[in-house]
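# Structure at a glance
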Amino acid sequence: MSNQQSNRFFFNVDWVTVLIYIALCAIGFVNIYASVFNPDESATFNFASNYGKQLIFIITGLILGLSILLLDAKFFSVFSPIIYGVTMLLLLIVLVVGRNVGGNQAWIPLGSFRLQPSELAKFGTALLLARYISSFNPKLTTLKPVLMAAIIIILPMCLIMLQPDAGSMLVFLSFMFPLYREGLPGYLLVIFWGMVLLFILNLFLTPWILISAILAIGGLFIYFNKRKQQRMITIGVITLAAIGYLFIAKLMFENVLQPHQRTRIELILGLKTDPRGAGYNVNQSKIAIGSGQLTGRGFLEGTQTKYGYVPEQSTDFIFSTIGEEWGFAGCFVVIALYLFMLLRIINLAERQRSTFSRVYGYCVACIIFFHVFINIGMTIGIVPVIGIPLPFISYGGSSLWSFTVLLFIFLKLDSNRMGFI
């Protein structure tokens, strides 16, 4: 690398985002250490423990991220179809040779390490989606380009659902928002959230009450548009589709979702209480976070954490450790770091000169936001437990490396924003 290239590398990279990344990784390491700390064991650092492995993951992740910054930015656009294809191949391989953990066949065993292809599929899908939109400049107001973009997103979702891993599958819904930024009609988002609302109402009310309500609302809209025949037909089709969706949603809830997934949804919606069974994790997590109060119990002083009352505390429920030992102040710092990172990524995405970099940047922001919102929401009991990690903080090599690659690819694209991709 020449001196001019070296200077460009150091000055153009957004090192503020890199520092936020390092800070979140450090917070993760400290709290993973606290979550597995055993005062009866020797004080010698144990590389075989979760915190020891996480330190190795962080160091190798940093090396991986810095290596990405040294690559040519055009590499990611040119090879995005191949990267996507490799991640889809890994999703197929895991269905054959994968190890079943917690009811999900989502990991490929590689010696003492386990690779989770669904994590890698996130940046693979983001790259190909950005390539498709930037190369073909599709009008997302017409059916064909929307279907093409949907196929790119739905393919990994279907393969992940076969594992079955509903949590990782749902993350791919976040790609709707980059598409919206690039011209996807707003009414499609309204339809999506309407489907979510109908799904929830379907659990509370009998089908006939909902059908009657839908017919009444549809009839009302038809009455006020009775002089516009085309609009009346459209309203009629939407009304019939909504009624059909009710039956499909009920069928999926009862026959597609796993029993524990149905129970978690019912617990969140208040349809069922089970503090000692399916609701145990969330109940203990809320106790841990609440006991931290303003400033927390102190490092290694959390009783819920120390005595292992919260299951999966170094992975899915790591935020409960932060809440108990560092209190509201610690939670505020973590959320503020995420918010700052997300706002910075969106700001960087908006200043990109290439469509590829902009779309990819929005994909990165939406994936991270979805993970943060759902994971923290799980620990405080406002969303169902679907088992997705807290970015850069939860224990796990596949998770940390995939988020590192996801973020540092965008930092590389941003550092090359004066060029053309």
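About the thresholds
- Residues numbered from 1 in each chain as written.
- Predicted model: local features only at pLDDT ≥ 70, side-chain atom pairs only at ≥ 80, totals over all residues.
- Heavy atoms only, no water.
- 1 Å grid on protein atoms, 1.4 Å probe; cavity = no way out; pocket = protein on both sides within 12 Å on 5 of 7 lines; lining within 4 Å.
- Points joined across faces, edges and corners; volume = space filled by probe spheres on them.
- Helix = DSSP H or I, 4+ residues; strand = E, 2+ residues; numbered from the N terminus.
- Nonpolar A, V, L, I, M, F, W, Y, C, P; charged D, E, K, R; others polar.
- Expected span 1.5 Å × (residues − 1).
- Bend = angle between axes of the 7 residues up to and from the residue.
- Salt bridge = Lys/Arg side-chain N within 4 Å of Asp/Glu carboxyl O.
- Buried < 20%, exposed > 50% of the residue type's maximum accessible area, 1.4 Å probe, protein only.
- Phe/Tyr/Trp six-rings, centres within 6.5 Å; stacked < 30°, edge-to-face > 60°.
- Core = buried A, V, L, I, M, F, W, Y, C linked by side-chain atoms within 4.5 Å.
- Contact = heavy atoms within 4.5 Å.
- Polar contact = N/O pair within 3.5 Å; in protein donor to acceptor, adjacent residues only side chain to side chain.
- Axes fitted to C-alpha atoms, helices over the stretch in contact; angles between N-to-C directions.
- Parallel < 35°, antiparallel > 145°, perpendicular 65-115°, else oblique.
- Patch = residues over 30% accessible without salt bridge, like charges linked within 9 Å, V, L, I, M, F, W, Y side chains within 5 Å.
- Areas by Shrake-Rupley, 256 points an atom, 1.4 Å probe, with all protein chains shown as cover.
- Pairing = 2+ DSSP bridges.

## Brief notes about the layout of surface pockets
In this structure, the second largest pocket spans a volume of roughly 800 Å³. Of all the secondary-structure elements, those providing two or more residues to the lining of the second largest pocket are helix H10 (186–204), helix H11 (207–224) and helix H12 (229–255). The leading source of residues in the lining of the second largest pocket is H10, at 8 residues. Its residues assigned to classes, the lining of the second largest pocket comprises 17 nonpolar, 4 polar and no charged.

## Concerning helix H16 (residues 318–350)
Side chains three or four residues apart in an α-helix point the same way, a direct result of the helix having 3.6 residues per turn. Over its 33 residues, H16 runs only 32 Å from end to end, short of the ideal 48 Å by more than 12%, given 1.5 Å per residue. The largest bend in H16 amounts to roughly 130° and is located at Trp326.

## Things to note about the pattern of salt bridges
On inspection of all chains with the given rule, the structure shows 7 salt bridges. Between Arg344 and Asp14 there is a salt bridge, and its shortest N-O distance comes to 2.8 Å. Pair noted here: Arg344 is in helix H16 and Asp14 is in the loop between helix H1 (3–12) and helix H2 (15–36), with a separation of 330 residues, a long-range link. With relative accessibility at 24%, the residue Arg344 sits in the partly exposed group. The exposure class assigned to Asp14 is buried, which follows from its relative accessible area of 6%. Between Asp414 and Arg351 there is a salt bridge, with its nearest N and O atoms 3.2 Å apart. With Asp414 in helix H18 (residues 397–415) and Arg351 in the loop between H16 and helix H17 (355–380), this residue pair connects regions lying 63 residues apart in the sequence. Given the relative accessible area of 39%, Arg351 is considered partly exposed.

## Concerning the packing of aromatic side chains
Counted according to the given criterion, the structure contains 19 aromatic pairs. Ring geometry for Tyr33 and Phe299: centres 6.2 Å apart, planes at 25°, overall stacked. Highlighted residues: Tyr33 in helix H2 and Phe299 in the loop between helix H14 (280–291) and helix H15 (303–306), separated in sequence by 266 residues. We classify Tyr33 as partly exposed; its relative accessible area is 24%. Taking the relative accessible area as the measure of exposure, Phe299 reaches 35% and is therefore partly exposed. Taken together through their ring pairs, the aromatic side chains of Tyr21, Phe392, Phe403 and Phe408 make up a single cluster.

## Overview of the nonpolar core
Within soluble globular proteins, side chains that are nonpolar tend to cluster in buried spots. Ranked by size, the top nonpolar core spans 96 residues in total, and within it Tyr360, Ile368 and Phe392 carry the most contacts. Ranked by size, the runner-up nonpolar core spans 9 residues in total, among them Leu210, Ile211, Ile214 and Ile243.

## Let's talk about the environment of Ser314
Within the element layout of this structure, Ser314 appears in the loop between H15 and H16. Assessed through its relative accessible area of 10%, Ser314 is described here as buried. When the C-alpha positions of Ser314 and Phe177 are compared, they lie 30 Å apart, and in sequence the two are 137 residues distant. Residues contacting Ser314, with those up to four places away along its chain left out, are Ile32, Ser35, Val36, Asn50, Ser394 and Tyr395. Side chain to side chain, Ser314 and Asn50 meet in a polar contact 3.3 Å long.

## Structural notes on the packing of helix H6 (residues 117–136) against helix H7 (residues 143–161)
Following both chains from N to C, one finds H6 and H7 inclined at 170°, their axes separated by 11 Å at the closest point. When the axes of H6 and H7 are compared, the pair comes out roughly antiparallel. Contacts from Ser118, Thr125, Leu128, Leu129 and Tyr132 of H6 reach H7 at Pro145, Met148, Ala149, Ile152, Ile153, Pro156 and Ile160. Along the lines of polarity and charge, the residues of the contact of H6 with H7 split into 10 nonpolar, 2 polar and no charged.

## Points about a nonpolar patch on the surface
The grouping of Leu71, Phe75, Val78, Phe79, Ile82 and Val86 at the surface amounts to a nonpolar patch, some 490 Å² of accessible area in total. If you list the elements that add at least two residues to the nonpolar patch, you get helix H4 (74–78) and helix H5 (80–97). Secondary-structure assignment places Ile82 in helix H5.

## Focus: the pairing of strand S2 (residues 104–110)
Moving residue by residue along a regular strand, the side chains alternate between the two faces of the sheet. One ladder, built from 3 bridges, connects strand S1 (residues 99–101) with S2; its direction is antiparallel. Within the sheet, the bridge partner assigned to Asn100 lies in S2 and is Gln105. Alignment of S2 against strand S3 (residues 113–115), held across 3 bridges, turns out to be antiparallel. Paired with Leu110 across the bridge in S3 is Phe113.

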